[in-house]
Amino acid sequence: MYKDFKLGLCQMLVTMSKEENLAKAIEIVGKAASSGCNIIVLPECFNSPYGTNYFAEYAEDISDSESPTLKTLKSLSIQYSIYLIGGSIPEKNENKIFNTSVIFNPNGEIIGIHRKVHLYDMDIPGGIRCFESDVISPGNQATIVNTEYCKIGIGICYDINFPEYSWTLSKDDTVGILIFPGCFNIDSGSKYWELLMKVRAFDNSIFVAGCSQARNNDASYVSWGHSIVVDPLGQHENIDEKEGILIKDIRFDELVRWRNNILFRKHKRFDVYRQ
Ligand SMILES: NC(=O)CCC(=O)C(=O)O
C-alpha cells in the first residue's frame, strides 16, 4: 500500500519578477532532484509575490499549452523523473482567479489540480490584514493524488487550519501524507504554523509536510519560512526562514505500526459529533 520515498520541500525566495521566480524554481527543483528526491514540492504562490494586488497580474490560464509556469513544471517533472507538486500559482479561469496547485507525475502528466478551498481573510488589529476573497474564488474539492508511493492529500496554506479538511483527506487509509504548499506570515507563522502541522499529523496518524516561501524582508507580505515535515507521532524536522531545501526520507513502517497500536482513527464517534 505504501512505498518509502524521499521528499524535497523547496523553500524558495519569491521576488517581484516572474522570470526570476521560474528560474529559481528550475534551479532549486534541480538541486532537490540531484539529492535523490522522488517527490518535490514548491511553495504557495511560487511564481508571484503573495498578495491580493498581485494575483491578477501574475495569473495564468493552466489550460493554455503556452503557460510559462505550466511548461516549466511539466519539463522539470520529465527531466528529473519526479512527482512535482507545483506549489500554487494564481490561476485565471474565465473571469475568475483561483489559488491553484498543479501536480505532475514523472511523465509530465497532470495528476491533480487543487484550488485553495479556504480563503485567507484576516484582519487582526495592529497585525495582518489580508482578504484573499477580494480577488480569489474558492475551490470546492478536497484533492487526493495517486502516486506509486502512496496517495497524497493536498491543501494550500490556510486549508491546514481546518481539521475537517485534513480528516477528509486522511480518512482514506491509503493516503500516507498530507502536503501543504504555504506562505504563513511572520505573525501567524511564529504563533501556530508548527503547531497546526503537528496536530494535523497526530490527529490523523499521518505524515504532514508544509513547504513555505523563504522569508523576503522586501516583500509587502513577509513569509515565515520554516518548512516542516511531521511524522504521525508529531515529531518534526524543519529548516529556518532562509532559502533552502528540506529533504526527508518518508518511511511508512512507523506509520503502519502507530496506526496498528494507537487506534484514534478507529475510535471516532461520528454518531455523537454534530455538524
Ligand atoms: N497564505 C495563507 O493562507 C496564510 C495563512 C496564515 O497565515 C494563517 O494564519 O493561517
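Structural data are supplied above this passage.
Residues numbered from 1 in each chain as written. Predicted model: local features only at pLDDT ≥ 70, side-chain atom pairs only at ≥ 80, totals over all residues. Heavy atoms only, no water.

(A) How the structure looks around the sheet that holds strand E9 (residues 143–146). Spatially, the six strands line up as an open sheet ordered E9-E10-E11-E12-E13-E14, and their pairing is mixed. Edge positions in the sheet fall to E9 and strand E14 (236–238), since each of these pairs with one other strand and no more. Neighbour-to-neighbour, the strand axes of this sheet turn through a mean angle of 20°, independent of strand direction. Bridging between E9 and strand E10 (residues 151–154) involves four bridges; their strand directions are antiparallel. By the bridge assignment, Thr 143 is partnered in E10 with Ile 154. Sitting on the sheet, helix H4 (residues 163–170) is in contact with E9, E10 and strand E11 (175–182), with an inclination near 140° to E11. Running over the sheet, helix H5 (residues 186–204) touches E11, strand E12 (207–212), strand E13 (228–230) and E14 and is turned about 155° from E12. (Pairing = 2+ DSSP bridges. Helix = DSSP H or I, 4+ residues; strand = E, 2+ residues; numbered from the N terminus. Axes fitted to C-alpha atoms, helices over the stretch in contact; angles between N-to-C directions. Contact = heavy atoms within 4.5 Å.)

(B) Structural view of the site of the ligand. Glu 44, Lys 116, Cys 157, Ser 188 and Tyr 192 are the nearest of the 13 residues found near the ligand. Lys 116 is positioned such that a nitrogen or oxygen atom in its side chain is 2.7 Å from an oxygen atom of the ligand. One of the side-chain N or O atoms of Asn 185 is found 3.3 Å from an oxygen atom in the ligand. Put simply, the ligand lies in the largest cavity. (Near = heavy atom within 4 Å. Polar contact = N/O pair within 3.5 Å; in protein donor to acceptor, adjacent residues only side chain to side chain. 1 Å grid on protein atoms, 1.4 Å probe; cavity = no way out; pocket = protein on both sides within 12 Å on 5 of 7 lines; lining within 4 Å. Sits in = over half its atoms within 2 Å of the grid points.)

(C) Structural detail: the nonpolar core. Ranked by size, the top nonpolar core spans 25 residues in total, and within it Phe 5, Leu 7, Ile 152 and Ile 177 carry the most contacts. Breaking this core down by element, the ones donating at least two residues are strand E1 (5–11), strand E2 (39–41), strand E3 (83–85), E10, E11, E12 and strand E15 (244–250). With residues up to four places along the chain from it excluded, the contact list for Ile 152 reads Ile 39, Ile 85, Thr 143, Ile 144, Val 145, Thr 147, Val 175, Ile 177 and Ile 179. If you look at the next biggest cluster of nonpolar residues, it comprises 22 residues, including Met 12, Ile 62, Ile 89 and Val 102. (Core = buried A, V, L, I, M, F, W, Y, C linked by side-chain atoms within 4.5 Å. Buried < 20%, exposed > 50% of the residue type's maximum accessible area, 1.4 Å probe, protein only.)

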